[in-house]
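Descriptive structure summary
Residues per chain, in single letters:
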Amino acid sequence: MKPVGIERPEAALIAFDGVSKVFGLGASSVRALDHVDLRIDQGEFVAIMGPSGSGKSTAMNIIGCLDVPTSGRYLFKGLDVGSLDRRGRALLRRRFLGFVFQGFNLIGRTSALENVELPLTYRGIPADERRKRSLLALDRVGLKERASHAPSELSGGQQQRVAIARAIVSEPSVLLADEPTGNLDTRTSREIMDLLSDLNRQSITVVMVTHEPDMAACARRIIRFVDGHIESDNRTMETA
Amino acid sequence: MLLEAVKLALASIRRNALRSFLTVLGVVIGVGAVIAMVTIGNGTTAKVTADLAKLGSNLLFVAPGQFGPGRASSDAKPFNARDVEAMRSQLPDVRAVAPVAQRSVTAILGNESRLTVLTGTDDDFLITQDWGLAAGRSFLEGELRAGRAACIIGQTVRDKLFGHDDPLGTSLRVNNISCEVIGVLQAKGQSSFGTDQDDTILIPIRAFQRRIAGNSDISRIYVSAEDKADTAKVQANIERLLRERRGIVGDKEDDFSVRDMKQVVQTMAGTTAVLTGLLGAVAAVSLLVGGIGIMNIMLVSVTERTREIGIRLAIGALEGQVLTQFLVEAVVLSLFGGVIGILLGLGLAGLAARGLGVPFLIDPAIILTAFGFAALVGVIFGYFPARRAAMLDPIEALRHE
Ligand SMILES: Nc1ncnc2c1ncn2[C@@H]1O[C@H](COP(=O)(O)OP(=O)(O)OP(=O)(O)O)[C@@H](O)[C@H]1O
Ligand SMILES: [Mg+2]
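Below: a short report on this structure. What you are looking at is a predicted structure, and each value in this text was computed from that prediction instead of being measured.

About the criteria used
Residues numbered from 1 in each chain as written. Chains lettered and ligands numbered in written order. Predicted model: local features only at pLDDT ≥ 70, side-chain atom pairs only at ≥ 80, totals over all residues. Heavy atoms only, no water. Core = buried A, V, L, I, M, F, W, Y, C linked by side-chain atoms within 4.5 Å. Buried < 20%, exposed > 50% of the residue type's maximum accessible area, 1.4 Å probe, protein only. Helix = DSSP H or I, 4+ residues; strand = E, 2+ residues; numbered from the N terminus. Contact = heavy atoms within 4.5 Å. Phe/Tyr/Trp six-rings, centres within 6.5 Å; stacked < 30°, edge-to-face > 60°. Lys NZ or Arg CZ within 6 Å of the ring centre and 35° of its normal. 1 Å grid on protein atoms, 1.4 Å probe; cavity = no way out; pocket = protein on both sides within 12 Å on 5 of 7 lines; lining within 4 Å. Points joined across faces, edges and corners; volume = space filled by probe spheres on them. Nonpolar A, V, L, I, M, F, W, Y, C, P; charged D, E, K, R; others polar. Near = heavy atom within 4 Å. Polar contact = N/O pair within 3.5 Å; in protein donor to acceptor, adjacent residues only side chain to side chain. Areas by Shrake-Rupley, 256 points an atom, 1.4 Å probe, with all protein chains shown as cover. Pairing = 2+ DSSP bridges. Buried area = accessible area lost by both parts, 1.4 Å probe. Salt bridge = Lys/Arg side-chain N within 4 Å of Asp/Glu carboxyl O.

1. A closer look at the nonpolar core
Residues A:I14, A:F16, A:Y74 and A:F76 are the most contacted members of the largest nonpolar core, which totals 78 residues. Per element, the largest residue contribution to this core is 10 residues, and it comes from helix α11 (residues 319-356) of chain B. Look past the residues within four positions of A:F76 in its chain and what remains in contact with it is A:L13, A:I14, A:V81, A:L92, A:F96, A:L97 and A:V174. Formed by 45 residues, the second largest nonpolar core is a distinct cluster that contains B:V84, B:L109, B:L118 and B:F208.

Written as structure tokens, this is what we have:
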């Protein structure tokens, strides 16, 4: 059950192989994902779109190893995540994945710096290195001088940037963002998108759910979900 | 990692300072009560022991009648001067034998009067009580033999009647006799029964018998054994002598009793120790209640912080780390309560000790125990909520509002 260190270079980073997810039992059951096949490689910038209830978040949760398929296989770096237990998935997450949520989800009454340090604390990184890396991460999102501010003292866009710093401080291979700009105005949303594009250029794989075509346009690939299956999967022009 | 967990716990306690304090109030009260009870109890035990030791070394206490339920001591024949004489001349290993007869009297000097205890006795009384004189002298042979109305007064009587004046040579009225003050006793303070031992006047036993009581009775005899003597043996000798003198033969029961003060000390100290233990146990129950309070609030806190727990799980906390964090939080809270409780308990005990006039004895063992119990309460009652937090599903937790 030790996923750490198991890497097969020939395998795709993320591979869905007939993945279905069913919630509930019998007549009242909901098929949130229906035999989905999907492949995402290292370094991609993917936007997932689709109407509400089409299974986007469900797919993201499975990609993020927070949930497992009801049937089919999900391979992360060639490793069958469905065969891992809770702890195995937790170890996989902390090693390879960073999360950004719609609601920012910072821990209140705790400074931006402490929020960013938290993932490193859980990974047992010593205090001084933790501080250095966290300040660096805050610098990357352009918020170094706000390090000591509490979330309540920051604007929505700034909070989301702290959340991104917290997600990348552990140097994950994949950054998962479920509607990261859902709570932000257009201008601030653009800034966040620029930041994500930047990070993607620095070799982080980004998978993002969004409802806004403008934001999706920043990605290099757009996957559209409808009723639990993939309706379209297009590469965009933007290959900066 | 534990250090980090403690830091996280402290941060979270600080974020909810008021709630944290209210949470631990139960533990504060529990620990405080245990510490206060036990400290006051220990002080009382020490005081009782010390007081009874002060009664005089190797003291035996002889009284007519038997102690115990259903035994009227009043119909037993009192002692007389010849009994005392016989004990003095016939008992080995005895240093002093003091006859005692007592009565409440009113002592009057000028316009001042005071209700006090008059004790008819002789100089051996001072030996048996280990009591010295602060001024003046004890009774003279001649005064004792003649039953002269001379008296030695206690500090309280001296303070109340004479104030700052020199009492020596002045005459007091005690009931209807006039007696000259020849000495002043040293201060002795309260007895373990709470009476003021310095509120007394001593006069020669013969003067007491003739002029106050109007009989020749002696109601009690104090015997002081030699330092190296075996008090049990002295007690047996006294019993044999008195049986003979009072004509008790065969297996007829004694109509008097001889008690070794050392045993009385041990019994009383034992009683207060048992009481201390009982009070401590009752207080410990409140500590348990405090633990349930912690569990309650920790459960509320886990529910309230469900989203936060989800975030922590999503950004890399392992189940064990969340468990540790909440457990450490409960223990740190509980220990906080413990420390405040210890200070509170000691403060209360200090005040009570001053009020009761008992020594303030800090027992490190009981403090450590209380501290340990507070930690244990934290672990036991913190475990269930902590486990609940650790087992949360991160997706559910993140969706929680
Ligand atoms: N835990 C669950 N229990 C039961 N049904 C669920 C659960 N999670 C999701 N669903 C159902 O699965 C379907 C897909 O949900 P999902 O959250 O993936 O949609 P979504 O595409 O993210 O929608 P939105 O754009 O509104 O966020 C929906 O019908 C939803 O009701
Ligand atoms: Mg969704």
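Having put the structure on the table, let's press on.
2. As for unusual backbone geometry
Residues and elements named next belong to chain A. We note that N105 has phi near 55°; this positive angle belongs to a residue other than glycine. By secondary structure assignment, the location of N105 is in the loop between β6 (97-100) and α3 (112-122). Backbone geometry at E171 places phi at a positive 50°, although glycine is not the residue there. By the element assignment, E171 lies in the loop between α5 (156-168) and β7 (174-178).

3. Points about the side chain of A:T110
Turning to its location among the elements, A:T110 is positioned in the loop between β6 and α3. Discounting chain neighbours no more than four positions away, the residues touching A:T110 are A:N115, A:H149, A:A150, A:P151 and B:R15.

4. A few points about the packing of aromatic side chains
In this structure the tally under the stated criterion is 5 aromatic pairs over all chains. Measuring from centroid to centroid gives 5.6 Å for A:F76 and A:F96, while their planes differ by 50°, and the two rings are tilted. Of the two residues, A:F76 sits in strand β4 (residues 71-76) while A:F96 sits in helix α2 (residues 86-96), which places them 20 residues apart along the sequence. It is B:K188 that lies over the ring of B:W131; its NZ or CZ is 4.7 Å from the centre.

5. A look at empty space enclosed by the protein
As enumerated under the stated definition, the model contains 3 cavities of 30 Å³ or more in all. One number sums up the size of the largest cavity: a volume of about 90 Å³. Together, B:S12, B:I13, B:N16, B:R19, B:S20, B:T23, B:I297, B:M298, B:S301, B:R305, B:E329 and B:L333 line the largest cavity. Among the secondary structure elements, those contributing two or more residues to the lining of the largest cavity are α1 (2-15), α2 (17-54), α9 (261-304) and α11 of chain B. Looking at the second largest cavity, its volume works out to about 50 Å³. If you go around the second largest cavity, the residues you meet are A:L97, A:G98, A:F99, A:P119, A:R123, A:R166, A:A167, A:S170, B:A314 and B:I315. Secondary-structure elements contributing two or more residues to the lining of the second largest cavity are β6 and α5 of chain A. For the lining of the second largest cavity, a count of residues per class yields 6 nonpolar, 2 polar and 2 charged.

6. As for the site of ligand 1
The immediate surroundings of ligand 1 are formed by 14 residues, with A:S52, A:G53, A:K56, A:S57 and A:T58 found nearest. Around ligand 1, the nearby residues trace back to chains A and B. Note that an oxygen atom of ligand 1 is positioned 2.8 Å from one of the backbone N or O atoms of A:G53. Between ligand 1 and the protein, one listed contact pairs an oxygen atom with a backbone N or O atom of A:S54 at 3.3 Å. For ligand 1, whose accessible area on its own is 630 Å², the fraction buried by protein is 66%. Looking at the shell around ligand 1 element by element, the count peaks at 3 residues for helix α1 (residues 56-63) of chain A. A class-by-class count of the residues in the shell around ligand 1 yields 4 nonpolar, 7 polar and 3 charged.

7. Digging into the pairing of strand β3 (residues 45-49) of chain A
Along any regular strand, the residues point their side chains to alternate faces of the sheet. Residues and elements named next belong to chain A. Along β3, 5 of the 5 residues are buried, which leaves the element largely enclosed by surrounding structure. With burial as the criterion, each face of β3 is covered, one bearing F45, A47 and M49 and the other bearing V46 and I48. Across 4 bridges, β3 lies against strand β8 (residues 205-209) in parallel orientation. By the bridge assignment, F45 is partnered in β8 with V206.

8. A few points about the environment of A:L135
Residue and element names in this part refer to chain A. You can see L135 is positioned in helix α4 (residues 127-140). Classification of L135 as partly exposed rests on a relative accessible area of 26%. With 48 residues separating them along the chain, L135 and N183 place their C-alpha atoms 25 Å apart. In this structure L135 touches L113, K144 and A147, once residues within four positions along its chain are discounted.

9. Brief notes about the sheet that holds strand β2 (residues 30-40) of chain A
Residues and elements named next belong to chain A. The sheet built from 4 strands is open, its strands ordered β2-β1-β4-β5 with antiparallel pairing. Unpaired on one side and paired on the other, β2 and β5 (79-80) mark the two borders of the sheet. Looking at chain direction, strand β1 (residues 14-23) and β2 are connected through 7 bridges and run antiparallel. Note on β2: the bridge partner recorded for I14 is I40.

10. Quick look at the interface of chain B and chain A
Contacts between chain B and chain A engage 25 residues on the former and 25 residues on the latter. Across the chain B/chain A interface, buried area totals approximately 2,200 Å², and carbon plus sulfur atoms make up 56% of it. It is B:R15, B:I315 and B:L318 in chain B that bury the most area against chain A; as a group they hold 28% of the surface buried on that side. Our count for the contact surface shared by chain B and chain A stands at 1 salt bridge. Our count for the contact surface shared by chain B and chain A stands at 10 residue pairs in polar contact (both at pLDDT 80 or more). Breaking the side of chain B that touches chain A down by element, the ones donating at least two residues are α1, α10 (306-314), α11 and α13 (394-399) of chain B. The element contributing the most residues to the side of chain B that touches chain A is α10(B), with 6 residues. Residues that form the side of chain B that touches chain A fall into these classes: 14 nonpolar, 4 polar and 7 charged.

Keep in mind these numbers describe shape, not what the thing actually does.
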